[in-house]
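# Structural overview for review
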Amino acid sequence: MYTAHPDRYADMPYRRTGRSGLKLPALSLGLWHNFGPADRSVEHQRAILRRAFDLGVTHFDLANNYGPPPGAAESALGEALKADFAPYRDELVISTKAGYLMWPGPYGEWGSRKYLLSSLDQSLKRMGLDYVDIFYSHRPDPDTPLEETMGALHSAVQQGKALYVGVSNYSAEQTREAARILGELGTPLLIHQPRYSMLDRRPEDEGLLDALDELQVGSIVFSPLEQGVLTARYLDGIPEDSRAASDSPFLNSDALTEDLVAKLRALDDIAKSRGQSLAQLALAWVLRGGRVTSALVGASSARQIEDSVAAIGNLDFDAEELARIDAVIKG
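About the cut-offs
Residue positions within a chain follow its written sequence, with the count starting from 1. Only residues with pLDDT of at least 70 get local features here, since the model is predicted, and only at 80 or more are side-chain atom pairs given and counted; chain-wide, interface and lining totals rely on the full set of residues. Side-chain calculation: all heavy atoms of the structure are included, whereas hydrogens and water are not. Relative accessibility decides the category of a residue: with a 1.4 Å probe and only protein chains considered, values under 20% of the type maximum give buried, values over 50% give exposed, and everything between is partly exposed. Segments assigned H or I by DSSP are reported as helices when at least four residues long, segments assigned E as strands when at least two residues long, and all are numbered from the N terminus. Two strands qualify as a pair provided that DSSP identifies no fewer than 2 bridges between them. When the strands point away from the viewer and the path from the first strand over the helix to the second turns clockwise, the crossover is right-handed. Note on aromatic pairs: the rings of Phe, Tyr and Trp (six-membered ring only in Trp) are paired at centre separations within 6.5 Å, and the planes decide the class, stacked below 30 degrees, edge-to-face beyond 60, tilted for the rest. By definition, being over a ring means that NZ of Lys or CZ of Arg is both within 6 Å of the ring centre and within 35 degrees of the ring normal. Both cavities and pockets are sets of points on a 1 Å grid over the protein atoms alone; in a cavity a 1.4 Å probe fits but cannot get out, in a pocket the set is open with protein on both sides within 12 Å along at least five of seven lines, and lining residues sit with an atom within 4 Å of a point. Grid points are joined across faces, edges and corners, and a volume is the space filled by probe spheres set on the points. Gly falls in the polar group here, along with every residue not listed as nonpolar (Ala, Val, Leu, Ile, Met, Phe, Trp, Tyr, Cys, Pro) or charged (Asp, Glu, Lys, Arg). In what follows, a contact means two residues having at least one pair of non-hydrogen atoms within 4.5 Å. Angles here are taken between N-to-C directions and fall from 0 to 180 degrees, while the axes themselves are lines fitted to C-alpha atoms, restricted in helices to the stretch in contact. Roughly parallel means an angle under 35 degrees; roughly antiparallel, over 145; roughly perpendicular, 65 to 115; everything else is oblique. For the purposes of this section, nonpolar cores are sets of buried Ala, Val, Leu, Ile, Met, Phe, Trp, Tyr and Cys residues that join through side-chain atoms within 4.5 Å.

## What to know about the pairing of strand 7 (residues 162-168)
For a regular strand, the rule is simple: side chains alternate between the two faces of the sheet. Among the 7 residues of strand 7, 5 are classified as buried, and the element is accordingly described as predominantly covered. Looking at chain direction, strand 6 (residues 132-137) and strand 7 are connected through 5 bridges and run parallel. By the bridge assignment for strand 7, Ile 134 is matched with Tyr 164. Where the polypeptide runs from strand 6 across helix 4 (residues 146-158) and back to strand 7, its parallel neighbour, the crossover connection is right-handed. Pairing analysis gives 4 bridges linking strand 7 to strand 8 (residues 189-193), with the strands arranged parallel.

## Notes on the packing of aromatic side chains
On inspection of all chains with the given rule, the structure shows 9 aromatic pairs. An aromatic cluster of at least three residues, connected via ring pairs, comprises Tyr 2, Phe 53, Phe 60, Phe 85 and Tyr 88. If you follow Lys 114 out to its NZ or CZ, it ends over the ring of Tyr 107, 5.5 Å from the centre. Across from the ring centre of Phe 317, 3.8 Å away, lies the NZ or CZ of Arg 274, which sits over that ring.

## Thoughts on the layout of surface pockets
Estimates place the volume of the second largest pocket at around 260 Å³. For the second largest pocket, the lining is made up of 16 residues, of which Arg 19, Thr 187, Pro 188, Leu 189 and Leu 190 are closest to its centre. Breaking the lining of the second largest pocket down by element, the ones donating at least two residues are strand 7, helix 5 (172-185) and strand 8. Counting residues per element, the lining of the second largest pocket draws most heavily on strand 7, at 3 residues. Taken together, the residues of the lining of the second largest pocket break down into 9 nonpolar, 6 polar and 1 charged.

## A closer look at the pairing of strand 6
Counting buried residues along strand 6, 6 of its 6 residues qualify, which places the element largely inside the surrounding structure. Sheet topology note: the strand 5 (residues 93-98)/strand 6 ladder contains 4 bridges and is parallel. Opposite Lys 97, over in strand 6, you have Tyr 136 as the bridge partner. Between strand 5 and its parallel partner strand 6, the chain crosses via helix 3 (residues 113-127), and the hand of that crossover is right-handed.

## Details of the environment of Leu 199
Among the secondary structure elements, Leu 199 is positioned in the loop between strand 8 and helix 6 (202-205). A residue is classified by how much of its surface remains accessible, and Leu 199, at 31% relative accessible area, is partly exposed. Sequence-wise, Leu 199 and Asp 210 are 11 residues apart; in three dimensions their C-alpha atoms are separated by 19 Å. Those residues within four positions of Leu 199 in sequence are excluded, and the remaining contacts are Glu 226, Val 229, Leu 230, Leu 260 and Ile 329.

## Some thoughts on the packing of helix 2 (residues 72-85) against helix 3
Where helix 2 contacts helix 3, the two axes come as close as 7 Å, and the packing angle between them is 40 degrees. Between helix 2 and helix 3, the interaxial angle falls into the category oblique. Contact residues: Glu 74, Ser 75, Leu 77, Gly 78 and Leu 81 in helix 2; Ser 123, Arg 126 and Met 127 in helix 3.

## Structural notes on the environment of Ile 94
Following the sequence through the fold, Ile 94 ends up in strand 5. Given the relative accessible area of 0%, Ile 94 is considered buried. In the structure, Ile 94 is positioned 68 residues away from Ala 162 in sequence and 9.8 Å away in space, judged by C-alpha atoms. Not counting the four nearest positions on each side in its chain, Ile 94 is found in contact with Phe 60, Leu 62, Leu 77, Leu 81, Arg 89, Met 127, Leu 129, Val 132, Asp 133 and Ile 134.

## Focus: the packing of helix 8 (residues 258-273) against helix 11 (residues 319-330)
One way to put it is that helix 8 packs onto helix 11 with a least axis distance of 9 Å and a crossing angle of 170 degrees. The angle between the axes of helix 8 and helix 11 places the two elements in the roughly antiparallel class. Facing Lys 263, Ala 266, Leu 267, Ile 270 and Ser 273 of helix 8, the residues of helix 11 in contact are Arg 324, Ile 325, Val 328 and Ile 329. Residue composition of the contact of helix 8 with helix 11, grouped by class: 6 nonpolar, 1 polar and 2 charged.

## Some details on the nonpolar core
One recurring pattern in soluble globular proteins is that nonpolar side chains are buried together. Core analysis: the largest hydrophobic core is formed by 92 residues, its most contacted members being Leu 29, Phe 85 and Leu 267. It is helix 9 (residues 278-287) that provides the largest number of residues to this core, a total of 9 residues. In this view, Phe 85 contacts Tyr 2, Leu 49, Arg 50, Phe 53, Phe 60, Ala 80 and Leu 92; residues no more than four positions away in its chain are not counted. Ranked by size, the runner-up nonpolar core spans 10 residues in total, among them Ile 134, Tyr 136, Leu 190 and Ile 220.

Here it is as structure tokens:
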């Protein structure tokens, strides 16, 4: 039987989420690609979860369609919760989402009340839970009134199936409107989950981070390592067993141009001057200054979790370091 490390809260910083009472670890574990697939052993997946929790990572982030196949990640977490984490449920924040295609027909995706609440019921069943801590609208629906989508999130809270609600992939304007509707319903918008990294600065450029500051809404960013690009993995070519060498729709070899690799090598030099790996630099960069509540990391091994968590040892940047990073990225 798994027993959590007694010093699991000693080093991880926890940041308040917007103006709520909920704190999230600076690093959260995303169960997107590496949980559920049949080619990964159950014990291997559980070892990653155990190591993460031992290091103070209290937040496990999912969505209904994570796997593959869709639903597999939630089922895998459900088994781990039953086997290892049942005594620690109240120490965990577990989130899930609905918005992308989950089942065939007109009610299997997007943002209708029927889809969102049906999906949440299925997610809870797969994970063996009575409630999730955070339930997200995974993407805005262009054909469903935002009032209906936000009303469904509000209902999830009213029904006791979610403690908090969030949105993901919403623009600044959509987020403002979602926050307004939820506020009028009495269920505050807790958090936004955007894509954000040194290489993808749209939340800055398009005003999303400014909107979240004004609304006092938290943020948890996904792909801070750009699907592994912002690691040492591709500094000397494309390994045969890497994501870029596979048929992944999220990263392919064409994206790794000579110009990009040159930038990665320059960023790696900056990381080394800080005593960090390139991945640690990338995580520290998104967490700098406290604007971002938490950064989501994936992991295919316990060692990767350890490397990511080590980034919290140096989250501060001076003006010269930030200028050097900007010069590399924009140069």
